[in-house]
Amino acid sequence: MNAPATSIQTAQLSRATRQAEVVAALQAELPAHALLWQSEDTVPYECDGLTAYRERPLVVALPETEAQVAAVLRTCHAMSVPVVARGAGTGLSGGAMPHAMGVTLSLAKFNRILSIDPRSRTAVVQGGVRNLAISEAAAPHGLYYAPDPSSQIACTIGGNVAENSGGVHCLKYGLTVHNVLQVRGYTIEGEAITLGGDALDTAGLDLLSLVIGSEGMLAVTTEVTVKLVPKPLLARCIMASFDDIQKAGDAVASVIAAGIIPAGLEMMDKPMTAAVEDFVHAGYDLNAAAILLCESDGTPEEVEEEIGRMSDVLRACGATAIAVSKDEAERLRFWSGRKNAFPASGRISPDYMCMDSTIPRKRLADILIAIGEMEKKYQLRCANVFHAGDGNLHPLILFDANDPDQLHRCELFGADILETSVAMGGTVTGEHGVGVEKLNSMCVQFSAAENALMFGVKRAFDTKELLNPGKVIPTLQRCAEYGKMLVRGGRLAHPELPRF
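None of the values given here were measured: they were computed from a predicted structure.

With that out of the way, let us pick up the overall build of the chain. When helices and strands are tallied, the chain shows 17 helices and 18 strands. On C-alpha atoms alone, the chain measures out to a radius of gyration of 23 Å, which is about the 23 Å that the 2.2 N^0.38 rule sets for 500 residues. Along the first, second and third principal axes, the C-alpha set of the chain runs to 80 × 60 × 40 Å. Counted over contacts in the chain with a minimum sequence separation of 6, partners at least 24 positions apart contribute 72%. When the accessible area of the chain is evaluated, it comes to approximately 20600 Å², of which 55% is carbon and sulfur surface. Computed over 43 positive and 58 negative side-chain charges, the inter-centroid distance for the chain is 2 Å.

What follows is the structure, encoded as C-alpha cells:
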C-alpha cells in the first residue's frame, strides 16, 4: 500500500503540473530557445541585486519581438498566471524577484537604440538598452542622457523607468521622470499602450508620470523616448573633508541655501571612504569623519564662479580640507570612489543590504548619528553614502546571509532606518523602489485607506493583479500582522507613526 503524499510532495506535484501547462501554452507563442524552465536554467533569475530574498520562477520567457511580448501577456492573463518583468536584475529592493507560480518576463533581448535625433535632442530606445549605452550613442552629437545611477554600466532604461532612478547628478538634472517623454508597452491583457508623446506635454491625465516608478505593476515597458542634454563644456569637482558629520550635513544645506544647485552633491562617511579608497584609490581623506563631492558644470566662466562660491560656503561650514579637480582625469578619479561604493562594500562583507530612504537635507547629520546608535543596537556595521543634495540616503548594512540571526538583525536594522527617516519627515524610498524589501515599512508611512487607493490604481490597469503581485503595496492583513509584531517585540521606536 502506498504511503499518503505529504503536503510538500503535493505542492511539488501541483507546481510541476502548472509548469507543464504554462510551458505548453507558451511554446505555441515563443521559439524553443526563448523559453526556460529547467532548474539549472532558471537559477540566474531567482533574485535581483537584493540577494537576501530568492525565489525560483516557474518559467522564464525571453521574447524577441513586441508581438511575442503581447502574446506572452495575453496567454498568462487568460491562464491567470502571475508575470514579473525583468531588466538587467540590478535592482536593490527585490522588485524583480520571481513569483514561484509565475512567469519571469525578461526584456534582455530588447537592447536596440532605435534612433538618435540631435535636432530634437531625443533618443528612442528599447526597454533593455543599458543606461550608459544611450550616452555612448549620443556622444558623437555632443549630447548625453543625464540620469546616471551607479549601476549605469549595466542597468536598463526599462528598469530605470520602473524605479524612477536618479543618480549622482539628479540634483541638477532630475530623475528619470524628468528625462522621459514617452513610454510604450503592454498591459497584462497584451494591449499596446503609449503614454506621453513627442511634445513636452500631452492632453489628458498624466499617466506617463504614473507609470514611471510603478515598479512593473501597471505595464511592461518595451520602448522609451528619452531627453538628451548637451555635454557641458567643462565640469570640475570639489572634494571637501570634514572632521564632524554635523558640519558636513550643515554644509549640504548651506550650499543649497546659498542659491547654488550643483551638478552633483554627494556625501560619504568614514567607513565608506575607507572601503572605496582601498578599492579604487580615489585619493579620499581617510581621516575625515565625512567627505562631500560637489560638482559644477557649464561654461568655464560659470564653473569658475560656482566653484569659488561653493568653496567659500564649505570653508565657512568648517571644511578641514578642500581639493578641486585640476583636469577631467582627476574629476573622474574623485567620482570613481562614489560610483564604486557598492562593489567596494562587497569586498569587506559577505553580504550587504542597501537601504534607500529620503529625509530633509537639514536632518542629514541627525540620521547619521541615529544610524550610529543602531549599529550598537543591532551589532552590525553600516557604511553610508548619500545623494546628499536631495536627501536620498543609501546606508549599506553589512552582514552574513549565511547566519540567520545576522539576516534577522539586518532586517530589523533596515526597518529602523526607514521608520526613523519617516519620523524625520522623509520617505521609505528615494529611487530603489519598495519591491519586497520595504513592504512592512509602507505600513508605517501610509494608512490603510491610502494603501487601498494605491491598490485601486493598480486594479485599473490590472484587474486580476497579475503583474508583479505581492510587491510594493502591502495588504491590510500584512500591516495588521506587522503592527502586532512590533508591539510584541517592543520595537515601536516611533509609536506615533504606525497606522495599522
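As a packed pair, helix 13 (residues 364-378) and helix 14 (residues 404-423) sit with axes 10 Å apart at the nearest point and diverge in direction by 155°. Here helix 14 runs roughly antiparallel to helix 13, going by the angle between their axes. Considering only the axes of helix 13 and helix 14, their crossing is right-handed. Taking contact as the criterion, the partners of I367, A370, I371, M374, E375, K377 and Y378 in helix 13 are, on helix 14, R409, L412, F413, D416, I417, T420 and S421. Tallied by class, residues from the contact of helix 13 with helix 14 come to eight nonpolar, two polar and four charged.

Okay, the sheet that holds strand 2 (residues 59-61) next. Ordered in space as 1-2-4-3, the four strands form an open sheet in which the pairing is mixed. Two strands bound the open sheet, and with one partner strand each, they are strand 1 (35-36) and strand 3 (83-86). This element, helix 3 (residues 66-79), spans strand 2, strand 3 and strand 4 (103-106) of the sheet and lies at about 165° to strand 4.

The first and last C-alpha atoms of helix 8 (residues 245-257) sit 18 Å apart over 13 residues, in line with the 18 Å expected at 1.5 Å per residue. Of all the residues in helix 8, the buried ones are A248, G249, A251, V252, V255 and I256. For helix 8, the buried positions fall inside an angular range of 150° around the axis, keeping them on one side. Those residues of helix 8 hidden inside the fold are in contact with helix 6 (170-173), strand 12 (234-242), strand 13 (264-269), strand 14 (290-298), helix 10 (300-316) and helix 13. If you check the start of helix 8, you find a side-chain oxygen 2.9 Å away from the backbone N of Q246, and it comes from D244. The first or second residue beyond helix 8 is G259, which carries a positive phi of 85°.

Side chains of L205, L207, L210 and V457 sit close together on the surface and give an oily, nonpolar patch of about 330 Å² of accessible area. Of note, L207 is situated in helix 7 (residues 207-211). For L207, a relative accessible area of 31% translates into the label partly exposed.

Let us now look at the pattern of salt bridges. Going through the model one piece at a time under the given rule, you end up with 25 salt bridges. We note a salt bridge from R315 to D312, for which the minimum N-O separation is 3.7 Å. Of this pair, R315 and D312 both sit in helix 10, three residues apart, which is roughly one turn of that helix. Grouping residues by exposure puts R315 and D312 together as exposed. Here K377 ties to D416 by a salt bridge, and the two come within 3.4 Å at their closest N and O atoms. Of the two residues, K377 is situated in helix 13 and D416 in helix 14; the sequence distance between them amounts to 39 residues. Its relative accessible area of 5% is what places D416 among the buried residues. Bridged by salt links that share partners, the residues E46, R54 and R56 form one connected network.

This next bit is on the packing of aromatic side chains. Evaluated as defined, the whole model comprises three aromatic pairs. On the basis of an interplanar angle of 75° and a centroid distance of 6.4 Å, the ring pair of Y144 and Y173 is categorised as edge-to-face. Highlighted residues: Y144 in strand 7 (residues 143-144) and Y173 in helix 6, separated in sequence by 29 residues. The burial state of Y144 is the same as that of Y173; both residues are buried. Measuring from centroid to centroid gives 5.4 Å for Y378 and F413, while their planes differ by 25°, and the two rings are stacked. Here F413 lies in helix 14 and Y378 lies in helix 13, a separation of 35 residues in the sequence. Overall, Y378 belongs to the buried group, its relative accessible area being 5%.

It is worth spelling out the sheet that holds strand 13 at this point. Think of a sheet as strands paired side by side through backbone hydrogen bonds, with each pair either parallel or antiparallel. Read across the sheet, seven strands follow the order 15-12-14-13-17-18-16 without closing on themselves; strand pairing throughout is antiparallel. Strands at the two margins of the open sheet, each flanked by one partner only, are strand 15 (321-324) and strand 16 (351-354). Strand-to-strand twist of the sheet, defined as the mean angle between neighbouring strand axes without regard to direction, takes the value 15°. Note: strand 17 (residues 381-387) against strand 18 (residues 392-399), seven bridges, orientation antiparallel. Residue pairing across strands places V385 opposite H394, the latter belonging to strand 18. Packed onto the sheet, helix 13 meets strand 13, strand 17 and strand 18 and runs at close to 165° relative to strand 17. Packed on one face of the sheet, helix 14 meets strand 16, strand 17 and strand 18 and runs near 165° to strand 18.

Now for the state of the cysteines. Within this structure, the stated rule accounts for one disulfide. C443 shares a disulfide with C479; S-S distance 2.2 Å. Judged by the sign of its S-S torsion, about -85°, the bond between C443 and C479 is left-handed. Here C443, found in helix 15 (residues 439-445), pairs with C479, found in helix 17 (residues 476-489); they are 36 residues apart in sequence, far enough to count as distant. C479 sits in the buried class, given a relative accessible area of 6%.

Rules and cut-offs
- Residues numbered from 1 in each chain as written.
- Predicted model: local features only at pLDDT ≥ 70, side-chain atom pairs only at ≥ 80, totals over all residues.
- Heavy atoms only, no water.
- Helix = DSSP H or I, 4+ residues; strand = E, 2+ residues; numbered from the N terminus.
- Rg over C-alpha atoms; globule rule 2.2 N^0.38 Å.
- Contact = heavy atoms within 4.5 Å.
- Areas by Shrake-Rupley, 256 points an atom, 1.4 Å probe, with all protein chains shown as cover.
- Lys, Arg positive; Asp, Glu negative; His and termini not counted.
- Charge placed at Lys NZ, Arg CZ, Asp CG, Glu CD.
- Axes fitted to C-alpha atoms, helices over the stretch in contact; angles between N-to-C directions.
- Parallel < 35°, antiparallel > 145°, perpendicular 65-115°, else oblique.
- Left-handed = near helix turned anticlockwise from the far one by under 90°.
- Nonpolar A, V, L, I, M, F, W, Y, C, P; charged D, E, K, R; others polar.
- Pairing = 2+ DSSP bridges.
- Expected span 1.5 Å × (residues − 1).
- Buried < 20%, exposed > 50% of the residue type's maximum accessible area, 1.4 Å probe, protein only.
- Arc of directions from axis to C-beta.
- Polar contact = N/O pair within 3.5 Å; in protein donor to acceptor, adjacent residues only side chain to side chain.
- Patch = residues over 30% accessible without salt bridge, like charges linked within 9 Å, V, L, I, M, F, W, Y side chains within 5 Å.
- Salt bridge = Lys/Arg side-chain N within 4 Å of Asp/Glu carboxyl O.
- Phe/Tyr/Trp six-rings, centres within 6.5 Å; stacked < 30°, edge-to-face > 60°.
- Disulfide = S-S within 2.5 Å.

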